[in-house]
Amino acid sequence: MRRVRHCRRPGCELPAVATLTSVYADSTIVLGPLATEAQPEAYDLCEKHVNSFTAPRGWQIIRLATDFAPAPPSEDDLLALADAVREASRAPRPAPMPAEHRPRPGGVMPGPVTAPLPPPPEIAEGEVLRRGHLRVLKGDKE
């Protein structure tokens, strides 16, 4: 399937409708219909940027067409799209996963609500309480 070419202006994702080429020796810019293939020395532009294009001072613009429109999809494009849809519909679908095994947003799976609490850690001599790596120790005043 033919890939849609986009405008080469930074940040523009619109489809290209024209190709801009420059002849530096003559200080001339040529705006013409979209080239059949992307060329590294040419710039593909969308309709918005073709209409707003201005040449540098002292340069001449030659417009080979006045009506720039996106190329319609070819029969090959439509056949390739139809083949891709058919192929995707033939792929086996995975069995649905039970709700308790589905990953949750954030990537953390909580334990079941009815899970037993872990046994309390053993309290060493001189300790009052222990939580994780923190300990409350008996002081001299106690």
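Every chain is numbered independently, its residues counted from 1 as its sequence is written. Per-residue local features are limited, in this predicted model, to residues with pLDDT of at least 70; the limit for side-chain atom pairs, both in listing and counting, is 80 or more; totals at the level of whole chains, interfaces and linings are taken over all residues. Only hydrogens and water are removed before side-chain values are computed, so all heavy atoms of the structure are retained for them.

A.B. asks: Got a minute to help me understand the overall build of the protein chain in this structure?
C.D. replies: Regarding its fold elements, the protein chain presents two helices and six strands. Contacts in the protein chain between residues far apart in sequence, at least 24 positions, make up 53% of those at least 6 positions apart. The accessible surface values rely on the Shrake-Rupley method and a 1.4 Å probe; as for residues, cover is taken only from the protein chains in view. Of the roughly 12200 Å² of accessible surface on the protein chain, a fraction of 57% belongs to carbon and sulfur atoms. A run of H or I in DSSP counts as a helix once it spans at least four residues, and a run of E counts as a strand once it spans at least two, with each numbered from the N terminus. By definition, residues are in contact when any of their heavy atoms lie within 4.5 Å.

A.B. asks: Whenever I open this one, the nonpolar core confuses me. Can you help?
C.D. replies: The nonpolar side chains of a soluble globular protein tend to be buried, and buried together. For our purposes a nonpolar core is just a set of buried Ala, Val, Leu, Ile, Met, Phe, Trp, Tyr and Cys residues, chained together by side-chain atoms within 4.5 Å. When accessible area is computed with a 1.4 Å probe and restricted to protein chains, residues below 20% of their type maximum are described as buried, those above 50% as exposed, and intermediate ones as partly exposed. Core analysis: the biggest nonpolar cluster contains eleven residues, these being C7, C12, V17, A18, L20, I29, L31, L45, C46, V50 and F53. Counting residues per element, the ones that place at least two in this core are β1 (18-23) and β2 (28-33).

A.B. asks: Can you help me understand the packing of aromatic side chains in this one?
C.D. replies: In this description, an aromatic ring pair is defined by two values, namely the gap between the centres and the angle between the planes. Classification of ring pairs rests on two measures: the distance between centres of Phe, Tyr or Trp rings, Trp counted by its six-membered ring, which must be within 6.5 Å, and the angle between planes, read as stacked under 30 degrees, edge-to-face over 60 and tilted in between. Going through the model one piece at a time under the given rule, you end up with one aromatic pair. Relative to W59, the ring of Y24 lies with its centre 5.6 Å away and its plane at 90 degrees, an arrangement referred to as edge-to-face. Taken together, the residues span a long stretch of sequence, with Y24 in the loop between β1 and β2 and W59 in the loop between α1 (47-51) and β4 (60-63) at a distance of 35 residues. W59 gets classed as partly exposed once you look at its relative accessible area, which sits at 25%.

A.B. asks: Looking at this structure, how should I read the sheet that holds β1?
C.D. replies: Sheet strands associate in pairs through backbone hydrogen bonding, adopting either a parallel or an antiparallel arrangement. Taking strand neighbours across the sheet as the criterion, the four strands line up as β3-β1-β2-β4 in an open arrangement whose pairing is mixed. Looking along the sheet, the strands with just one partner apiece sit at the ends: β3 (43-45) and β4. With strand direction ignored, the average angle separating the axes of adjacent strands in the sheet is 25 degrees. Following DSSP output, two strands are said to pair if at least two bridges run between them. As judged from the four bridges shared by β2 and β4, these two strands associate in the parallel manner. Each residue of the ladder has a partner; that of T28, found in β4, is Q60. Between N-to-C directions, angles span 0 to 180 degrees; the directions come from axes that are lines fitted to C-alpha atoms, helices contributing only their stretch in contact.

A.B. asks: Quick question: what am I supposed to make of the confidence of the model for the protein chain here?
C.D. replies: Any region with low pLDDT has predicted coordinates that should not be read closely. Per-residue confidence from the predictor is reported as pLDDT, which spans 0 to 100. In this model, the protein chain carries a mean pLDDT of 76, and residues with pLDDT of at least 70 account for 64%. Element-level mean pLDDT values for the protein chain span from 69 in strand β5 (residues 127-131) up to 91 in β3.

A.B. asks: Looking at this structure, how should I read the side chain of D44?
C.D. replies: Checked against the element boundaries, D44 lands in strand β3. Assessed through its relative accessible area of 6%, D44 is described here as buried. Among the polar contacts listed, one links the side chain of D44 to the side chain of R5, at a separation of 2.7 Å. At a separation of 3.1 Å, a polar atom in the side chain of D44 contacts the side chain of T19. The residues contacting D44, other than those within four sequence positions of it, are R5, H6, C7, R8, A16, A18, T19, L34 and A38. Polar contact criterion, stated in full: a pair of N or O atoms within 3.5 Å, where within protein one must be able to donate a hydrogen and the other to accept it, and residues adjacent in sequence count only if both atoms are side-chain atoms.

A.B. asks: Sorry if this is basic, but what is going on with the pattern of salt bridges here?
C.D. replies: Opposite charge on two side chains makes pairing possible when the charged atoms of those side chains draw close. Criterion for a salt bridge: a side-chain nitrogen of Lys or Arg within 4 Å of a carboxyl oxygen of Asp or Glu. A full pass over the atoms with the stated rule returns one salt bridge. Of the charged contacts in the structure, one is a salt bridge between D44 and R5, with a shortest N-O distance of 2.7 Å. Of the two residues, D44 sits in strand β3 while R5 sits in the segment before β1, which places them 39 residues apart along the sequence. Residues D44 and R5 agree in their burial class; the two are buried.

A.B. asks: I keep staring at the side chain of T19 and nothing clicks. Help me out?
C.D. replies: Mapped onto the elements of the fold, T19 is located in strand β1. For T19, the residues in contact, after removing those within four places along its chain, are R5, V30, L31, G32, P33, L34, A35, A42, Y43 and D44.

A.B. asks: Is there a simple way to think about the pairing of β2 in this case?
C.D. replies: Within a regular strand, the side chains alternate between the two sheet faces. Of all six residues in β2, five are buried, a share of seventy percent or more. Strand direction decides the pairing type here: β1 and β2, joined by six bridges, are antiparallel. Across the sheet, the residue bridging to V23 is T28, located in β2. Hairpin connection, β1 to β2: the antiparallel pair is bridged by four residues, and S27 has positive phi, about 50 degrees.

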